[in-house]
Amino acid sequence: QLVCCRSSDCPVWSFTAPAANQLVESFDDTAFPPVGWANPGTWSRATTTPYYGLGTAYKSAGTTPAILSTPILAIDGSSILDFYYRTSSTTGYGLMNIKYSTDRVTWNQIGATISMPTTTEWNHVTRSLSSITPGNYYLGFEVLTSTSTSSIYIDHVVGPTLASVAPGPVAQTAPLDAATGVSRTPTFTWTAPTVGGVPT
């Protein structure tokens, strides 16, 4: 559709097309966390009032902080993290930090803590990552401890490109190493790696 109007009253629209290997996540897939993401805490997927698409990630505020982290990303001086967030309550709300890590164990905060506004509307954040020494890092969304009973939601996460690194090794769980009396047709099981690049 083509719309013509006078230049003085035409709206200005802008958009950015992400690269093929760029982090773009709206939690539409029912599998959670998405491939390459890590959720050692109590984040979940919800379909309640997403900002974009079919789903969001959410964490109920409580007494235990929890980090939901992205795949490993190639970050340089021009990198940014762009996302939307909201809280589920107008009376109780928590706090959220954005962090980075090389190993998903030791985390460092990027910028100021994000306060949840007393509204259920979606809010937009664009956070510069220029303070980080260029390299490969995981980015994490950390919901802090709170006496609130509300939930914090994030959606439409856009970030740097995925780092070109190999996935970490899997951990074999069965059969056990050096086991005896194993069936000639064993069933192999393993756990996925917690670090490294996204498997293809």
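These notes cover the structure that comes with them.

With respect to unusual backbone geometry
- A cis amide bond, omega 0°, links Phe-32 with the succeeding residue Pro-33.
- Residue placement: Pro-33 occurs in the loop between strand 1 (22-25) and strand 2 (44-46).
- Of note, the bond from Ala-174 into Pro-175 is cis; its omega dihedral lies within 30 degrees of zero at -10°.
- Looking at where Pro-175 falls in the secondary structure, it is placed in the loop between strand 13 (171-174) and strand 14 (189-191).

A closer look at the packing of aromatic side chains
- Under the counting rule described, the total for this entry stands at eight aromatic pairs.
- Here Phe-27 and Phe-32 contribute two aromatic rings whose centre-to-centre distance is 6.2 Å and whose plane-to-plane angle is 50°, an arrangement assigned as tilted.
- The exposure class assigned to Phe-27 is buried, which follows from its relative accessible area of 1%.
- A relative accessible area of 24% places Phe-32 in the partly exposed class.
- On the basis of an interplanar angle of 85° and a centroid distance of 5.0 Å, the ring pair of Phe-83 and Phe-141 is categorised as edge-to-face. Within this pair, whereas Phe-83 is found in strand 6 (residues 80-87), its partner Phe-141 is found in strand 11 (residues 135-143), the two being separated by 58 residues in sequence.
- When its relative accessible area of 0% is taken as the criterion, Phe-141 is described as buried.
- Ring pairs connect the aromatic residues Phe-27, Phe-32 and Trp-37, which therefore count as one cluster.
- A cation sits over an aromatic face here: Arg-86 above Tyr-153, 4.2 Å from the ring centre.

Focus on the nonpolar core
- Ranked by internal contacts, the top residues of the largest apolar core, which has 28 residues, are Phe-83, Met-96, Phe-141, Ile-154 and Val-157.
- Every element with two or more residues in this core is listed here: strand 4 (66-69), strand 5 (73-75), strand 6, strand 7 (95-101), strand 11 and strand 12 (151-162).
- Top contributing element to this core by residue count: strand 11, with four residues.
- Those residues in contact with Ile-154 that lie beyond four places of it in its chain are Phe-27, Trp-43, Thr-56, Ala-57, Leu-68, Phe-83, Tyr-84, Tyr-85, Met-96, Trp-122 and Phe-141.
- Ile-67, Trp-107, Tyr-138 and Ala-163 belong to the second largest nonpolar core, which has five residues in total.

Cut-offs applied
- Residues numbered from 1 in each chain as written.
- Predicted model: local features only at pLDDT ≥ 70, side-chain atom pairs only at ≥ 80, totals over all residues.
- Heavy atoms only, no water.
- Helix = DSSP H or I, 4+ residues; strand = E, 2+ residues; numbered from the N terminus.
- Phe/Tyr/Trp six-rings, centres within 6.5 Å; stacked < 30°, edge-to-face > 60°.
- Buried < 20%, exposed > 50% of the residue type's maximum accessible area, 1.4 Å probe, protein only.
- Lys NZ or Arg CZ within 6 Å of the ring centre and 35° of its normal.
- Core = buried A, V, L, I, M, F, W, Y, C linked by side-chain atoms within 4.5 Å.
- Contact = heavy atoms within 4.5 Å.

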